[in-house]
Amino acid sequence: MSESEEVTVEQADLARESSRRISDVAPPSIPNYRLDKLLGQGSFGSVWSTVQLRTEQWVAVKVLHRPAQGWEGFVREVATLRQVAEHPGVVTLLDADLRYNPPYFVMPWLRQGSLADLPTRPTLARAVQWLREAALALSYTHEKGLLHCDLKPSNLLLDDQFRIRLVDFGQSLLQDVAGRSLGTIGYMPPEQASPES
């Protein structure tokens, strides 16, 4: 077995283990919503495909599962979405309850997944279209004085028309506020990763 085949096997094993752990997580109870399937899980929260019981509409619910550590970022993410969600390239905030235990917010369920989930490489024309859509969404958030701070393929979702929708503003910062931002190594710009920033 070659080194690249070994790495692929290790990655496949890690993906299976991650999927198994995700499938073992029981959904929290949230009034007026029936959480169905865990779509993803991060350090402080999880996202579920969900039915809004009054409308029978499928949505995505992000639930904070570690309030002590992630509360500030969760509150910031909801506040940020209120400011930028009217742009067609940014996910829309549909509902939220930060007083409920666990705190949660609701957004459209974008069933096409993220750029990280693509089964094949896009055509050059499609890739250029997606880069343009992402740039327009980021330009809009920058006009509002916000820096996303965690731009990566898994935070670029596709709607039903395969257009880009920017998500996950949990690491975002105001442009004029000094502070250290978190992000994903390998995707953050050098100035964000620098210890001096």
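Treat the numbers as computed from the prediction; the structure is a model and nothing was measured.

Undergrad: Looking at this model, I keep getting lost on unusual backbone geometry. Mind explaining?
TA: Peptide bonds are mostly trans, and most non-glycine residues show a negative phi. Following Asn-101, the chain continues to Pro-102 via a peptide bond in cis, the omega torsion being 5°. If you trace the backbone, Pro-102 turns up in the loop between strand E4 (95-97) and strand E5 (104-108). The residue Glu-56 is not glycine, and still its phi comes out positive at about 60°. Structurally, Glu-56 can be placed in the loop between strand E2 (45-52) and strand E3 (57-64).

Undergrad: Can you walk me through the confidence of the model for the protein in this structure?
TA: When pLDDT drops low, the exact placement of atoms in the prediction is not to be read closely. Confidence along the protein averages 81 in pLDDT terms, with 74% of residues attaining 70 or more. Considering only residues more than four positions removed or in separate chains, one finds that residues 1-16, a stretch of pLDDT under 50, has two contacts.

Undergrad: When you look at the pattern of salt bridges in this model, what are you seeing that I'm missing?
TA: Opposite charge on two side chains allows them to pair when their charged atoms are near. This model, assessed by the stated rule, comprises five salt bridges. With a shortest N-O distance of 3.5 Å, Lys-62 and Asp-168 are connected by a salt bridge. Linking Lys-62 in strand E3 with Asp-168 in the loop between strand E8 (164-166) and strand E9 (173-174), this pair joins segments that are 106 residues apart in sequence. Relative accessible area serves as the criterion here: at 14%, Lys-62 is assigned to the buried category.

Undergrad: Quick question: what am I supposed to make of the sheet that holds E4 here?
TA: Backbone hydrogen bonds are what pair the strands of a sheet, in a parallel or an antiparallel way. Taken in spatial order, the five strands of this open sheet run E1-E2-E3-E5-E4, and their pairing is antiparallel. Bordering the open sheet on either side are strand E1 (33-41) and E4, each of which pairs with just one other strand. Across the sheet, the mean angle from the axis of one strand to that of its neighbour is 25°, orientation sign disregarded.

Undergrad: Please explain the packing of aromatic side chains as it appears in this structure.
TA: Any two aromatic rings considered together are summarised by their centre-to-centre distance and by the angle between their planes. Counted by the stated rule, this structure contains three aromatic pairs. Ring geometry for Tyr-33 and Tyr-104: centres 6.0 Å apart, planes at 70°, overall edge-to-face. In this pair, Tyr-33 is assigned in strand E1 and Tyr-104 in strand E5, connecting sequence segments 71 residues apart. Residue Tyr-104 is classed as buried on the basis of its relative accessible area, which comes to 5%. With centroids separated by 6.1 Å and ring planes inclined at 80°, the aromatic side chains of Tyr-100 and Tyr-104 adopt a geometry described as edge-to-face. Its relative accessible area of 25% is what places Tyr-100 among the partly exposed residues. Here the aromatic residues Tyr-33, Tyr-100 and Tyr-104 are joined through ring pairs into a cluster of three or more.

Each value, and the rule that gives it
Throughout, a residue's number is its position along its own chain's written sequence, starting from 1. Totals for whole chains, interfaces and linings use all residues, but because this is a predicted model, local features are given only for residues with pLDDT of at least 70 and pairs of side-chain atoms are given and counted only at 80 or more. Each side-chain value is derived from all of the structure's non-hydrogen atoms; neither hydrogens nor water enter the calculation. By the criteria applied, helices consist of DSSP H or I runs no shorter than four residues and strands consist of E runs no shorter than two, each listed in order from the N terminus. Each residue carries a pLDDT score, the predictor's confidence in it, ranging from 0 to 100. When checking whether two residues touch, look at their non-hydrogen atoms; a contact exists if any pair is within 4.5 Å. Within this document, salt bridges are pairs made up of a side-chain nitrogen of Lys or Arg and a carboxyl oxygen of Asp or Glu, the two lying within 4 Å of each other. Each residue is assigned to one of three classes by its accessible area relative to the maximum for its type, calculated with a 1.4 Å probe on protein chains only: buried under 20%, partly exposed between the two thresholds, exposed over 50%. Strands qualify as paired when DSSP identifies two bridges or more between them. A fitted line through C-alpha atoms represents every axis, and for helices the fit uses only the stretch in contact; the resulting angles, taken between N-to-C directions, go from 0 to 180 degrees. Working definition: rings of Phe, Tyr and Trp (its six-membered ring) pair if their centres are within 6.5 Å, and the pair is stacked with planes under 30 degrees apart, edge-to-face with planes over 60 apart, and tilted otherwise.

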